[in-house]
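Working through the structure, step by step
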Amino acid sequence: MPQLKTCLETYFPRIDLVLCRFHRYRSPEVVLHNLSQKQEAATLHPYCSGMYQLDPFYQHWLGRPTAGVFRLDEIAPSEFRRTEYFLTYYTGLGLHDELMCFVSSSADTTLAFSFGFYQPPPERDGDLLSDKMTYLFPLLQALLEKHHWQASASLLNDAVASSGVFVDERLSDREQEVARLFLQGHSAAAIADQLCISPGTVKNHRKNIYAKLGINSQAELFQRFLHQLGVD
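These numbers were taken from a predicted model, which means no experiment stands behind them.

1. Details of the pairing of strand β4 (residues 97–102)
- For β4, the tally of buried residues reaches 6 of 6 residues, placing the bulk of the element in the interior.
- Burial along β4 is two-sided: Asp 97, Leu 99 and Cys 101 facing one way and Glu 98, Met 100 and Phe 102 facing the other are all buried.
- Across 4 bridges, the pairing between strand β3 (residues 68–71) and β4 is antiparallel. By the bridge assignment, Val 69 is partnered in β4 with Cys 101.

2. Quick look at the pattern of salt bridges
- According to the stated counting rule, one finds 7 salt bridges in the structure shown.
- In this structure, Glu 177 engages Arg 174 in a salt bridge whose closest nitrogen and oxygen atoms are separated by 3.2 Å. Of the two residues, Glu 177 and Arg 174 are both situated in helix α7 (residues 173–184); the distance of 3 residues between them amounts to about one turn of the helix.
- Where Glu 177 meets Arg 180, a salt bridge forms, and the shortest distance between an N and an O atom there is 3.8 Å. On the criterion of helical spacing, the pair formed by Glu 177 and Arg 180 is a turn pair, its members being 3 residues apart in helix α7.
- In this structure Glu 177 comes out as partly exposed when scored by relative accessible area, which is 27%.
- In this structure Arg 180 comes out as buried when scored by relative accessible area, which is 17%.

3. Structural notes on the environment of Leu 226
- Its location among the elements puts Leu 226 in helix α10 (residues 218–229).
- Judged by its relative accessible area of 6%, Leu 226 is buried.
- Put simply, Leu 226 and Met 51 are 175 residues apart on the chain and 8.2 Å apart in space, counted from C-alpha to C-alpha.

4. Some details on the nonpolar core
- By size, the foremost hydrophobic cluster in this structure holds 47 residues, and its most contacted members are Phe 22, Met 51, Tyr 85 and Tyr 90.
- The residues contacting Phe 22, other than those within four sequence positions of it, are Pro 28, Tyr 47, Asp 55, Phe 57, Tyr 58, Trp 61, Met 100, Phe 102, Asp 108, Thr 109, Thr 110 and Ala 112.

5. Overview of the packing of aromatic side chains
- Tallied over the entire structure, the rule returns 14 aromatic pairs.
- Here a set of aromatic residues connected by ring pairs shows up, and it is made of Phe 22, Tyr 47, Tyr 52, Tyr 58, Trp 61, Phe 70 and Phe 102.
- Above the plane of the ring of Trp 61 lies Arg 24, whose end atom (NZ or CZ) is 5.4 Å from the centre.

6. Notes on the state of the cysteines
- Tallied over the full model, the rule gives 0 disulfides.
- Summary of cysteine pairing: Cys 48 is not part of a disulfide, and the nearest cysteine sulfur, belonging to Cys 20, is at 5.5 Å.

7. Observations concerning the sheet that holds strand β2 (residues 29–33)
- Spatial ordering of the open sheet is given by β2-β1-β5-β4-β3, a layout of 5 strands whose pairing is antiparallel. Of all the strands in the sheet, the pair left with one neighbour each is β2 and β3. Strand after strand, the sheet turns through a mean of 20° between neighbouring axes, direction not considered.
- The sheet contacts of helix α2 (residues 37–49) involve β1 (16–23) and β2, and relative to β2 the element is tilted by about 155°.

Rules used in this analysis
- Residues numbered from 1 in each chain as written.
- Predicted model: local features only at pLDDT ≥ 70, side-chain atom pairs only at ≥ 80, totals over all residues.
- Heavy atoms only, no water.
- Buried < 20%, exposed > 50% of the residue type's maximum accessible area, 1.4 Å probe, protein only.
- Helix = DSSP H or I, 4+ residues; strand = E, 2+ residues; numbered from the N terminus.
- Pairing = 2+ DSSP bridges.
- Salt bridge = Lys/Arg side-chain N within 4 Å of Asp/Glu carboxyl O.
- Core = buried A, V, L, I, M, F, W, Y, C linked by side-chain atoms within 4.5 Å.
- Contact = heavy atoms within 4.5 Å.
- Phe/Tyr/Trp six-rings, centres within 6.5 Å; stacked < 30°, edge-to-face > 60°.
- Lys NZ or Arg CZ within 6 Å of the ring centre and 35° of its normal.
- Disulfide = S-S within 2.5 Å.
- Axes fitted to C-alpha atoms, helices over the stretch in contact; angles between N-to-C directions.

Right, dumping it as structure tokens:
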């Protein structure tokens, strides 16, 4: 960790590091990080308790398990920056930017290295940040392989399957699927395209979801999700 941290901070002053091991069928494991105790409590604990299921990077890896460097805006759904997840865990906590490196191309697990800035990064140009990290990517791979990072104990005592993010017996399977996609930041049009249904049908599903749960907004849906995870 000291060698890696020193190397990265040379290129990215004030960078915040989180190395996780992503799993396809259970919650992520935090291998190392340099966050403060306050940041850890506000981000890593909720993340591993279930919020990772709304993470665009995790969802991207599930669909395309390849190694590489990715920017948030390259892979996030079109409405992600309007979601309660973004407003709570990015805007609300002062996270200015984030890059993610996937070290392994395994379809079932990968080392996922998140680089965030809780202070404005020295370069405002996201492309420049990405270019720098892409340049360092082979070094990161070499350092991780050298130290043979193994998964640490999970922040969860019992890992859970991640087949869906929202479970409520009042909702049909399709309604739960639509709720999950809305929470992840997909637009109605994108959901319609993904599920091969009409945008009008998606809107009807959303109306039914709100009626069955007794809510009126996506913010309330997000709060139901947090309550389900036990992190509200």
